[in-house]
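The primary structure of each chain is shown beneath.
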Amino acid sequence: MLHIGEFAGMTGLSVKALRHYDEKGVLVPAEVDSDSGYRRYGEEQVRSGVIVKALRDAGVPLAAVGVTVAGADPSTAIDVHHRLVLEQREQEDHTFAQARAVVASLAAPVEIVERSLPPQPYVGRVLTVPRGDEDSVTDDDANEQFSQLYVAVQEAGVGPTGPFWTALRPGEQGAVEIVCCWPTSSQLEPTWGGDETTVGVLPERTELAAVWRPEPGVELPEGSTHPAVVALFDAIAERGITMPTTELRQRVLGQTADEYTVEVSITLP
């Protein structure tokens, strides 16, 4: 029989680790003195101790190590953990690449313009995103609303008179409202389009707008805040503007890749 210190020296495991593995039922000593509490290990347990150290050095979880000591193939535990580590590394590489892409996208120049605009009638459809459930509304949902509303506006003979825009504004109980809007040639009746359609007019206003054009070789990471939005809030902060309400409007312009432009604007108080 081997005292715990001897067993530790033979296997490379520390005395502290051996006590912990005993408490967890992973590597239980062959004998424990009832009076002194001293642990003794059998010579046949040296093999198990060496395997336990090898698995723990490789990061194999303690539960899997315990199963191996109980008789499972150690190679299986190593292979399973190795696959998990490789999957985790792949995910980490992806997140690092995403982070680099976000930083690169924010470094690209964004033009800030201040402009005065006349009143603009519009119609829209509201999509509500509940707080904490940002994935409940997709691009496909918005595109469907734009398509349906486009047909209705054409049939009514009031446009559309220009490119659509998406308005982002606070909703009730922490929700966010996404309003899919088409400009019209005249203001329609408030009840036009039914309960699911909102009819309104953007009043004569001064807008602060961020105009973004893609840089060659710079791709926008999926799910990240658009750099035009970040640039717009930078401009608001630099000008010391206090916004009583926040409604962001985004327009996508251009018919070709060379003309592609994203504008994000806000009405100044």
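Residues numbered from 1 in each chain as written. Predicted model: local features only at pLDDT ≥ 70, side-chain atom pairs only at ≥ 80, totals over all residues. Heavy atoms only, no water.

J.: Is there a simple way to think about the packing of helix α1 (residues 4-11) against helix α3 (residues 45-57) in this case?
T.: The axes of two packed helices give the description: the angle between them and the distance between them. Two numbers describe how α1 lies on α3: the axes approach to 9 Å, and their chain directions differ by 55 degrees. Looking at the two axes, α1 sits oblique to α3. Seen from above, α1 lies across α3 with right-handed handedness. Where α1 approaches α3, its residues Phe7, Met10 and Thr11 are matched on the opposing element by Gln45, Val46, Gly49, Val50 and Lys53. Among the residues making up the contact of α1 with α3, the classes are represented as four nonpolar, three polar and one charged. (Axes fitted to C-alpha atoms, helices over the stretch in contact; angles between N-to-C directions. Helix = DSSP H or I, 4+ residues; strand = E, 2+ residues; numbered from the N terminus. Parallel < 35°, antiparallel > 145°, perpendicular 65-115°, else oblique. Left-handed = near helix turned anticlockwise from the far one by under 90°. Contact = heavy atoms within 4.5 Å. Nonpolar A, V, L, I, M, F, W, Y, C, P; charged D, E, K, R; others polar.)

J.: For this particular structure, what's the right way to read the pairing of strand β11 (residues 261-267)?
T.: Of all seven residues in β11, six are buried, a share of seventy percent or more. In terms of strand pairing, strand β10 (residues 248-253) meets β11 through five bridges, oriented antiparallel. Residue pairing for β11: Arg251 is matched across the bridge by Glu263. (Buried < 20%, exposed > 50% of the residue type's maximum accessible area, 1.4 Å probe, protein only. Pairing = 2+ DSSP bridges.)

J.: Would you mind showing me how to read the pattern of salt bridges here?
T.: Two side chains with opposite charge may pair up if their charged atoms get near one another. As enumerated under the stated definition, the model contains 13 salt bridges in all. Three or more residues are tied together by salt bridges with common partners; here these are Arg115, Arg169, Glu177, Arg205, Glu207, Glu247, Arg249, Arg251 and Glu263. (Salt bridge = Lys/Arg side-chain N within 4 Å of Asp/Glu carboxyl O.)

J.: In this structure, what is going on with helix α7 (residues 227-238)? I would like to understand it.
T.: Within an α-helix, residues lying three or four positions from one another point in the same direction, as the helix has 3.6 residues per turn. With twelve residues, α7 should cover 16 Å at 1.5 Å per step; its first-to-last C-alpha distance of 16 Å lies within 8% of that length. Here the buried face of α7 lies against α5 (74-107), β4 (111-117), β9 (205-212), β10 and β11. (Expected span 1.5 Å × (residues − 1).)

J.: Got a minute to help me understand the nonpolar core in this structure?
T.: Inside soluble globular proteins, nonpolar side chains tend to come together where they are buried. Formed by 17 residues in total, the largest nonpolar core has its most connected members in Phe7, Leu13, Leu18, Tyr21, Leu27, Val52 and Val65. Of all the secondary-structure elements, those providing two or more residues to this core are α1, α2 (15-23), α3 and α4 (62-69). Other than its neighbours up to four places away in sequence, Leu18 contacts Ile4, Phe7, Ala8, Leu13, Leu27 and Tyr41. (Core = buried A, V, L, I, M, F, W, Y, C linked by side-chain atoms within 4.5 Å.)

J.: Quick question: what am I supposed to make of the packing of aromatic side chains here?
T.: Each pair of aromatic rings is reported with the distance of its centres and the angle of its planes. Across all of its chains, the model carries seven aromatic pairs by this definition. With 5.2 Å between their ring centres and 55 degrees between their planes, Tyr150 and Trp182 make a pair best called tilted. Of this pair, Tyr150 sits in helix α6 (residues 139-156) while Trp182 sits in strand β7 (residues 176-183), and the two are 32 residues apart along the sequence. With a relative accessible area of 32%, Tyr150 lands in the partly exposed category. A relative accessible area of 10% places Trp182 in the buried class. Three or more aromatic residues joined by ring pairs make a cluster, and in this case those are Phe146, Tyr150, Phe164 and Trp182. (Phe/Tyr/Trp six-rings, centres within 6.5 Å; stacked < 30°, edge-to-face > 60°.)

J.: Just to check I follow, could you spell out the sheet that holds strand β1 (residues 2-3) for this structure?
T.: Note: strands within a sheet are paired through backbone hydrogen bonds, in either parallel or antiparallel orientation. Reading across the sheet, the three strands line up as β1-β3-β2 and stay open at both edges, with antiparallel pairing between neighbours. Only two strands of the sheet have a single partner each, and these edge strands are β1 and β2 (31-32). Direction of pairing for β1 relative to strand β3 (residues 39-41): antiparallel, over a ladder of two bridges. Among the inter-strand pairings, His3 is bridged to a residue of β3, identified as Arg40.

J.: Before we go on, may I ask you to explain the sheet that holds β9 in this structure?
T.: Spatially, eight strands are ordered β4-β9-β11-β10-β6-β7-β5-β8 in an open sheet, and the strand pairing comes out antiparallel. Lying at the two open borders of the sheet, with one neighbouring strand each, are β4 and β8 (197-202). Neighbour to neighbour, the strand axes of the sheet diverge by 30 degrees on average, direction disregarded. Running at roughly 130 degrees to β9, α7 makes contact with β4, β9, β10 and β11 of the sheet.

J.: When you look at α2 in this model, what are you seeing that I'm missing?
T.: Listing the buried residues of α2 in full gives Ala17, Leu18, Tyr21 and Asp22. End-on view of α2: buried residues confined to an arc of 140 degrees, all on one side of the axis. Those residues of α2 that are exposed and angled more than 90 degrees off the buried face are Lys16 and Glu23. In the core, the buried residues of α2 are packed alongside α1, β3, α3 and α4. A positive backbone phi angle near 75 degrees is found at Gly25, which sits one or two residues after α2. (Arc of directions from axis to C-beta.)

J.: What should I look at first to understand unusual backbone geometry in this one?
T.: Phi is mostly negative for residues that are not glycine, and the peptide bonds are mostly trans. Geometrically, the link from Gly159 to Pro160 is a cis peptide bond, its omega value of 5 degrees lying close to zero. In this structure, Pro160 sits in the loop between α6 and β6 (165-170). Although it is not a glycine, Gln173 adopts a positive phi angle of roughly 55 degrees. One can find Gln173 in the loop between β6 and β7.

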